[in-house]
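Remarks on the overall topology
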Amino acid sequence: MDSQIKHLHQQLVNKQITCTKLIQEKLDLLQKNTHNTVNSLLNKSALASAAKVDAKLKNGEKIGLLEGIPFGVKDVYMLQGTFTTASSELLKNYKSPYTATAIQKLLDAGAIPIVKENCDSFGHGSSSENTIFGAVKNALNIELVAGGSSGGSAVNVAKDFTVFSIGGDTGGSIRQPAGYNKIYGLKPTYGRISRYGLMAYASSTDCVGPLAKSVEDIRIILNAMSGKDAKDQTSINSKEIDKKAISDGKSVKTIGYFKNFIENDAIDAEVKADFLASIEKIKTSGIEVKALDFFKSDILVSTYYTLAMAETASNLSRLDGTNYGNRIEADNLIETYALTRSENFSEETKRRIVGGNQVLSQGFSDEIYLKSLALRDQISANFDQDFKEVDLILSPVTPSEPPKIGESLKDPHAMYLSDVYTVGFSLGQLPTLTVPQGTVT
Ligand code: GLN
């Protein structure tokens, strides 16, 4: 599909539509939708921004490419004055006191945020069912999950409720729902986009990224959000990606894939057949394909979850009802903390806090946490070796199609295992793009 951003920009400039009409149409679609994608609508601020764009156009002033384009924001980003709930009971009434750098850059470019989007609470999940706002329903089949944790963002893009959305990806949360709803989703290189103002889940793999309907739109949004930020010491300088870099496939000479991802009992027959068909197609185009060795699924998943749980237990320790969120008073301070946290965190979040504190505690940390850090180094070294041989690595996003709503919650371990193809790239801090199934050419 072509760039929707460019198409809408032309329509605005040619006065085929007004920005107010565009924004109002999207707000109406979001308001009416039954997929549970909306945590809060930003009607007032969005329409006020649209009026400014219309005034500029009326005066014959030039507008930038992103000016007036409506977008969605996963409800884990600070956007000053808006409810920022992380889809949790604890922060149900919390309002952002400031704006995240990535979102500010989009505001500076004139894009208009219209919705805070439903997601798994604090990014904990692979289905967008772990939320106080009701499970997000898949764009293509409402009986299935949207995927997670950026499920609301993926469905809004897939259904054209937003032109693009900003998700967050720690271990697959942009890529997996993008796959389940057949759109594009990019987890950029770690550090390329500042994390300042993104609620921390696992800081060493958290990434800000776009979901959209074309690679060109992904490129435009990525360029707008990238850059070093004094407020995030892990952020890095990067070069702008020009249009040629993504339209010219000739720079790719060799593609790799992980043998053990495909020759495995856990993968659905259909996903496997589709993937192998894509590989054959690539071979016939003259690109060399190499089968590579990689770590076993259980090692990848347990390394990721050990580190992610450890980091989230530490990051969420500040949510005790003192500075943020619903405080539930008890007889003394310790009891107040305990009651506030046990009543306001979801089962899944508590499972992760308990697990994380366990792997960090004395007597366990050497055996579990430090071992996972060592494994992570080995995973990165494996990637370094692979990229001496191949230009890019191709993988299915998930081993199977999206499950039915309700199924994943019964078996958290099975849900963790469904992240097997995305978490390795997160541990390696590599850029990874989901393309809709059937579009690999
Ligand atoms: N499903 C993974 C998890 O629950 C990834 C989530 C994410 O990237 N935020 O940890």
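Here we summarise the structure given alongside this text. (Residues numbered from 1 in each chain as written. Predicted model: local features only at pLDDT ≥ 70, side-chain atom pairs only at ≥ 80, totals over all residues. Heavy atoms only, no water.)

1. Here's the deal with the pattern of salt bridges
Our working definition: Any carboxyl oxygen of Asp or Glu within 4 Å of a side-chain nitrogen of Lys or Arg constitutes a salt bridge here. Per the convention used, a helix needs a DSSP run of H or I reaching at least four residues, while a strand needs a run of E reaching at least two, with both numbered from the N terminus. Burial classification: accessible surface area is computed with a 1.4 Å probe over protein chains only, and a residue below 20% of its type maximum counts as buried, one above 50% as exposed, and the rest as partly exposed.
One pass over the structure, following the stated rule, counts 17 salt bridges. A salt bridge links D75 to K116; the nearest nitrogen and oxygen atoms lie 3.6 Å apart. Highlighted residues: D75 in the loop between β2 (70-74) and α4 (101-108) and K116 in strand β3 (residues 112-117), separated in sequence by 41 residues. K116 gets classed as buried once you look at its relative accessible area, which sits at 0%. Residue K290 pairs with E389 through a salt bridge whose shortest N-O separation is 3.6 Å. Here E389 lies in helix α14 (residues 369-389) and K290 lies in strand β8 (residues 288-292), a separation of 99 residues in the sequence. Residue classification places K290 among the partly exposed positions, given a relative accessible area of 25%. In the salt-bridge network here, residues are joined through shared partners; they are K6, E216 and R219.

2. Structural notes on the site of the ligand
Threshold: In these notes, residues near a molecule or strand are those with any non-hydrogen atom within 4 Å of it. Definition of a polar contact: a pair of N or O atoms within 3.5 Å, with one able to donate and the other able to accept a hydrogen when the atoms are protein atoms, and with sequence-neighbouring residues admitted only if both atoms are side-chain atoms. Surface accessibility in these figures is a Shrake-Rupley result with a 1.4 Å probe; residues are shielded only by whichever protein chains are displayed.
The immediate surroundings of the ligand are formed by 15 residues, with T170, G171, S173, Y201 and Y304 found nearest. Within the backbone of G125, one N or O atom sits 3.0 Å away from a nitrogen atom of the ligand. Between the ligand and the protein, one listed contact pairs a nitrogen atom with a side-chain N or O atom of D419 at 2.9 Å. Within the complex, the protein chains bury 99% of what would otherwise be the 290 Å² of accessible surface of the ligand.

3. Some words on the side chain of S88
What counts, and what does not: Contacts were defined at the residue level, with two residues in contact if any of their heavy atoms lie within 4.5 Å.
For S88, the location among the structural elements is in the loop between β2 and α4. Filtering out sequence-adjacent residues up to four positions away, S88 remains in contact with S121, F122 and I132.

4. Focus: the packing of helix α1 (residues 4-13) against helix α7 (residues 215-225)
The condition is simple: Fitting a line to C-alpha atoms yields each axis, with helices limited to the stretch in contact; the angle taken between N-to-C directions then spans 0 to 180 degrees. Note on angle classes: values under 35 degrees are labelled roughly parallel, values over 145 roughly antiparallel, values of 65 to 115 roughly perpendicular, and the remainder oblique. Each residue gets one of three labels, nonpolar for Ala, Val, Leu, Ile, Met, Phe, Trp, Tyr, Cys and Pro, charged for Asp, Glu, Lys and Arg, and polar for the others, Gly among them.
Their axes nearest at 7 Å, the elements α1 and α7 cross at an angle of 80°. Judged by the inter-axis angle, α1 sits roughly perpendicular to α7. Two secondary-structure elements touch here, α1 through Q4, I5 and K6 and α7 through E216, D217, R219, I220 and I221. Looking at the contact of α1 with α7, its residues break down into 3 nonpolar, 1 polar and 4 charged.

5. Considering the sheet that holds strand β7 (residues 254-258)
We count it as follows: A pair of strands is labelled paired if DSSP reports no fewer than 2 bridges between them.
Spatial strand order, β8-β7-β9: 3 strands in an open sheet with parallel pairing. Every interior strand has two partners, whereas the edge strands, β8 and β9 (392-394), have only one. Averaged over all neighbouring strand pairs, the angle between strand axes comes to 35°, with direction disregarded.

6. Some remarks on a negative patch on the surface
This is how the line gets drawn: Residues enter patches when they are more than 30% accessible in relative terms and free of salt bridges; like-charged ones are connected within 9 Å and nonpolar ones (Val, Leu, Ile, Met, Phe, Trp, Tyr) within 5 Å. None of His or the chain ends enter the tally, which takes Lys and Arg as positive and Asp and Glu as negative. Think of each charge as sitting on NZ of Lys, CZ of Arg, CG of Asp or CD of Glu.
Together, D268, E270, D274 and E401 make up a negatively charged patch on the protein surface. Position of E401 relative to the elements: it lies in the loop between β9 and α15 (407-410). Residue E401 is classed as partly exposed on the basis of its relative accessible area, which comes to 39%.

By themselves these figures say nothing about function.
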